[in-house]
Amino acid sequence: MGKIVNMFKRFAKKRLYSESPYIEQNDKKKCIFIHIPKCEEISIEKSILDGQKPNHHRLTEYKYYNPIKFRTYFVFTFVRHPISRFESAFSFLKDGGRNPVDQQWAEENLRGIDTADQLVARMREDSDYRKTIESWQHFRPQVWYLIDNTGNLPLDYIGRLETIQEDFEEICRRIGIERHLPHKNKSSKSERDVLSDEQNTTFLREKVYGRDLKVLGYQ
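Read on for a plain summary of the structure. These numbers were taken from a predicted model, which means no experiment stands behind them. (Residues numbered from 1 in each chain as written. Predicted model: local features only at pLDDT ≥ 70, side-chain atom pairs only at ≥ 80, totals over all residues. Heavy atoms only, no water.)

**Here's the deal with the sheet that holds strand β3 (residues 157–160)**
Here is step 1: Read across the open sheet, the three strands follow the order β1-β2-β3; overall the sheet is parallel. The outermost strands of the open sheet, each flanked by one partner alone, are β1 (31–34) and β3. Across the sheet, the axes of successive neighbouring strands diverge by a mean angle of 25°, strand direction being ignored.
Here is step 2: Two elements, strand β2 (residues 74–79) and β3, share four bridges in a ladder whose sense is parallel. By the bridge assignment, F78 is partnered in β3 with G159.
Here is step 3: Where helix α11 (residues 164–175) meets the sheet, it contacts β1, β2 and β3, and its direction lies at approximately 170° from that of β2. (Pairing = 2+ DSSP bridges. Helix = DSSP H or I, 4+ residues; strand = E, 2+ residues; numbered from the N terminus. Axes fitted to C-alpha atoms, helices over the stretch in contact; angles between N-to-C directions. Contact = heavy atoms within 4.5 Å.)

Structure representation (structure tokens):
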């Protein structure tokens with residue numbers, strides 16, 4: 001019976017990773033960018049990946065699909081403070097997102113939610129709703145994208161949005177390319193997007209993004 005279960009697990013895993021996460025630029029630059037939503041991913045795509053857009057694949061997908069490439073290519077990502085990312089994701093989706101899928105999801109799940117505080121308050125009250133929010137790619141904890149099956153972070157470099165310029169330069173140096181980080185106008189957050197209730201902030205820190213804060217070294 002145990003052999004049958006293990007065979008089924010291997011078959012299911014193979015089907016899960018049957019589509020290659022690799023794109024042309026991975027092979028050209030000999031690098032893998034783990035693409036976490038709302039972590040300045042578009043600027044990285046435009047510069048380092050010459051505009052080619054990878055999907056939001058997890059590190060484990062790259063590792064499983066082609067272990068040799070994963071071991072030999074330069075693997076990097078960018079992260080940001082979880083609370084700031086949450087606020088940014090809420091603002092992004094309330095403004096319609098980037099495509100019809102984002103817009104439809106927001107219409108179905110953020111209807112009647114006018115502020116980030118209201119969103120977290122409902123997550124605190126409704127566990128099923130909380131699961132729905134946490135499972136959407138823009139709100140998923142960042143470590144979900146980064147950890148392997150042993151719980152480790154097998155990356156060569158983790159850049160931070162808070163130090164994006166110097167980290168970007170270091171990544172380019174490691175890959176052996178010369179690029180400029182595209183200029184982006186800073187957008188000011190409105191009161192709608194900023195958490196003001198300390199209970200809500202504490203809930204996110206302790207119940208939702210506690211692992212992000214610990215593993216990624218944020219306070």
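**Things to note about the nonpolar core**
Here is step 1: One finds F86, L119, F139 and L204 to be the most contacted residues of the largest nonpolar core, which totals 23 residues.
Here is step 2: Listing elements by their share of this core, those giving two or more residues are α6 (82–94), α7 (100–109), α8 (116–125), α9 (127–135) and α12 (198–208).
Here is step 3: Considering every element that reaches this core, the biggest residue donor is α6, with six residues.
Here is step 4: Excluding residues that lie within four positions of it along the chain, F139 makes contacts with R85, F86, A89, F90, L93, W105, L119, I133, E134 and Y209.
Here is step 5: In this structure, I32, I36, Y62 and Y145 belong to the second largest nonpolar core, which totals 19 residues. (Core = buried A, V, L, I, M, F, W, Y, C linked by side-chain atoms within 4.5 Å. Buried < 20%, exposed > 50% of the residue type's maximum accessible area, 1.4 Å probe, protein only.)

**A short note on the side chain of Q142**
Here is step 1: Its location among the elements puts Q142 in the loop between α9 and α10 (143–146).
Here is step 2: On the basis of relative accessible area, Q142 is assigned to the buried category, the value being 0%.
Here is step 3: Side-chain polar atoms of Q142 contact the backbone oxygen of R80, separated by 3.0 Å.
Here is step 4: Once you skip the residues sitting within four places of it in the chain, Q142 turns out to touch I36, C39, V79, R80, P82, R85, D212 and L216. (Polar contact = N/O pair within 3.5 Å; in protein donor to acceptor, adjacent residues only side chain to side chain.)

**A short note on unusual backbone geometry**
In most cases, non-glycine residues show a negative phi, while peptide bonds are predominantly trans.
Here is step 1: Despite not being glycine, K30 has its phi angle at roughly 55°, a positive value.
Here is step 2: For K30, the location among the structural elements is in the loop between α2 (24–29) and β1.
Here is step 3: The phi dihedral of D50 is positive, around 55°, even though this residue is not glycine.
Here is step 4: As for its placement among the helices and strands, D50 is situated in the loop between α3 (41–47) and α4 (59–65).

**As for the side chain of H138**
Here is step 1: If you trace the backbone, H138 turns up in the loop between α9 and α10.
Here is step 2: Residue classification places H138 among the buried residues on the basis of a relative accessible area of 4%.
Here is step 3: A polar contact is formed between the side chain of H138 and the side chain of W136, at a distance of 2.9 Å.
Here is step 4: Apart from the residues lying within four places of it in its own chain, the contact partners of H138 are P37, K38, R85, A89, F92, L93 and D102.

**Structural notes on α6**
Here is step 1: Along its 13 residues, α6 runs 18 Å from first to last C-alpha, staying within 8% of the 18 Å computed at 1.5 Å per residue.
Here is step 2: Residues of α6 that are buried include every one of P82, I83, R85, F86, E87, S88, A89, F90, S91, F92 and L93, and no others.
Here is step 3: Against α7, α8, α10, α12 and α13 (210–215) lie the buried residues of α6.
Here is step 4: Backbone geometry just downstream of α6 places G96 in the positive-phi region, at approximately 105°. (Expected span 1.5 Å × (residues − 1).)

**Side note on the pattern of salt bridges**
Pairing is possible between side chains that carry opposite charge, provided their charged atoms lie close to one another.
Here is step 1: In total, this model carries 11 salt bridges according to the counting rule given.
Here is step 2: The salt bridge involving D50 is made with K29; its shortest N-O contact spans 2.9 Å. Placement of the pair is D50 in the loop between α3 and α4 and K29 in helix α2, with a sequence separation of 21 residues.
Here is step 3: One salt bridge in this structure joins R179 and D50, with 3.2 Å as the shortest N-O distance. In this pair, R179 is assigned in the loop between α11 and α12 and D50 in the loop between α3 and α4, connecting sequence segments 129 residues apart.
Here is step 4: You can call D50 partly exposed: its relative accessible area is 44%. (Salt bridge = Lys/Arg side-chain N within 4 Å of Asp/Glu carboxyl O.)

**Comments concerning α8**
Here is step 1: Buried within α8 are the following residues: A116, D117, L119, V120 and M123. The buried residues of α8 occupy an angular sector of 160° when the element is viewed end-on, so they sit on one face.
Here is step 2: Buried residues in α8 make contact with α6, α9 and α12. (Arc of directions from axis to C-beta.)

Shape descriptors only; they carry no functional weight alone.
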